[in-house]
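As a plain string of letters, each chain reads:
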Amino acid sequence: MGHQEQEVIPLMTPYKMGQLELSHRVVLAPMTRCRAYGGVPQPHAAVYYSQRATRGGVLITEGTSVSDTAQGFPGSPGIWTQEQVEAWKPIVDAVHRKGALFFCQIAHTGRASTNDFQPHGQAPISSTGTQLSPDAESGTAFSKPRRLRADEIPGIVDDFRRAARNAVEAGFDGVEIHGAHGFLLEQFMKDGANDRTDKYGGSVENRCRFVVEIIDAMVHEVGANRIGIKLSPFADHLDCADSDPSALGDYMVRQLNEHEGFLYCHMVEPRMAIIDNRRQIPHGLLPFRAAFNGTFIVAGGYDREEGNKVVAEGYADLVAYGRIFLANPDLPKRFELDAVLNKYDRSTFYTQDPVVGYTDYSFLRDDDNKDDLAAQD
């Protein structure tokens, strides 16, 4: 009797996203890592991302600023200058050499910033003039924002358009619009933050107008087949909540469908529920999955078991993993083998060290890691 082949788990099955051939369903989620210097990504980012790259796998960068007003964190990279574009090129090349697909998440923090991060110490910009509460975890005291005038908004739309063009020039396979977690786009989309009375406030159509204009401009610039978006209608991060998240999510998904071939929608699950003393994913995204024409990526506390389940059931096409992918550079292999996972160290998530908590997490076979580091010499 020959040895029976182990059954392929759902997360390890191939998938076609637009014209892109994927070998598995495990996506590296975008995560703030604070390792850029002066807004410029560094060579150690090539090590970090290529460690997590697999043939036919998808990686999404940390939030990358679209302009000098978009920054809100120390050590965040940008993609609005030629210097930044040139610095991204070898990082993208390192990921492509491993056969992976690489998307740049482009972002604007809006009011989740301070005067110190803004050009000439000016006020951060937002949909509103209402200041954010201080961040309890980091202790950040956000500065009072300035409400954007309606005639300034086309300039911000153009920042996103140029960032998309720059990302393609840097070699990225596509771009993810950061429309989640309380950043500028959500400050417009959600009625808990947007208190405008002009054409960018009030109804869900008006509140989403800014984001729809960004999508339209980017599709015209680089094509719908290169663009995804991350949305978190149920989240209330950074004082951004909505009174009707289902209606907001539904409206946005239908706007994406207006662009034939729009590549993907990456959506964050509602907050974990505690059932029988266990944290459980609520699986509240099915209506959006059903309504959206393209690839649907889910995120929010998934592990191997839950990821396999949602792919097998058709609830999602791909599953984005954050902290456990950060701590396990060979996460797809570990899932395939059902191997034990490294534990992540929360204290080094946002430190500036180019190695510790960044590129020093171990592989199942540590010589794999040595090969990656040697390739960067």
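Residues numbered from 1 in each chain as written. Predicted model: local features only at pLDDT ≥ 70, side-chain atom pairs only at ≥ 80, totals over all residues. Heavy atoms only, no water.

**Student:** How should the environment of T130 be read in this particular structure?
**Tutor:** You can see T130 is positioned in the loop between strand 7 (125–126) and strand 8 (146–147). A relative accessible area of 42% means that T130 is categorised as partly exposed. In the structure, T130 is positioned 55 residues away from L185 in sequence and 15 Å away in space, judged by C-alpha atoms. Discounting chain neighbours no more than four positions away, the residues touching T130 are R111, P145 and D195. (Helix = DSSP H or I, 4+ residues; strand = E, 2+ residues; numbered from the N terminus. Buried < 20%, exposed > 50% of the residue type's maximum accessible area, 1.4 Å probe, protein only. Contact = heavy atoms within 4.5 Å.)

**Student:** Sorry if this is basic, but what is going on with unusual backbone geometry here?
**Tutor:** Glycine aside, residues mostly have negative phi angles, and peptide bonds mostly take the trans form. Located in the positive-phi region is C34, a residue other than glycine, with phi close to 60°. If you trace the backbone, C34 turns up in the loop between strand 3 (26–28) and helix 1 (43–51). Accessibility expressed as a relative area gives 4% for C34, which makes it buried. If you check the backbone angles, D239 has positive phi at about 60° while not being a glycine. Following the sequence through the fold, D239 ends up in the loop between strand 10 (227–231) and helix 6 (245–257). Residue classification places D239 among the partly exposed residues on the basis of a relative accessible area of 36%.

**Student:** It is not clear to me how the nonpolar core should be interpreted in this structure. Could you clarify?
**Tutor:** Within soluble globular proteins, side chains that are nonpolar generally end up buried alongside one another. F210 and Y321 are the most contacted members of the largest nonpolar core, which has 90 residues in total. Take this core: its biggest share by element is 11 residues, from helix 5 (residues 204–222). Look past the residues within four positions of Y321 in its chain and what remains in contact with it is L11, V26, V27, L28, A29, Y302, D303, R304, G307, L331 and F335. Residues L101, F103, Y264 and A320 belong to the second largest nonpolar core, which totals 16 residues. (Core = buried A, V, L, I, M, F, W, Y, C linked by side-chain atoms within 4.5 Å.)

**Student:** Teacher, can you tell me more about helix 1 here?
**Tutor:** Within an α-helix, residues lying three or four positions from one another point in the same direction, as the helix has 3.6 residues per turn. Of all the nine residues making up helix 1, eight are buried; the element is thus mostly covered by neighbouring parts of the structure. Where helix 1 is concerned, the buried positions are H44, A45, A46, V47, Y48, Y49, S50 and Q51.

**Student:** Would you take a moment to explain the side chain of R35 for this structure?
**Tutor:** The residue R35 is located in the loop between strand 3 and helix 1 in this model. Buried charged residue R35 carries no salt bridge. Nearest counter-charge: D353, at 6.0 Å. Here the side chain of R35 touches R33 through a polar contact of 2.9 Å, landing on its backbone oxygen. In this structure the side chain of R35 is engaged in a polar contact, spanning 3.1 Å, whose partner is the backbone oxygen of T348. (Lys, Arg positive; Asp, Glu negative; His and termini not counted. Salt bridge = Lys/Arg side-chain N within 4 Å of Asp/Glu carboxyl O. Polar contact = N/O pair within 3.5 Å; in protein donor to acceptor, adjacent residues only side chain to side chain.)

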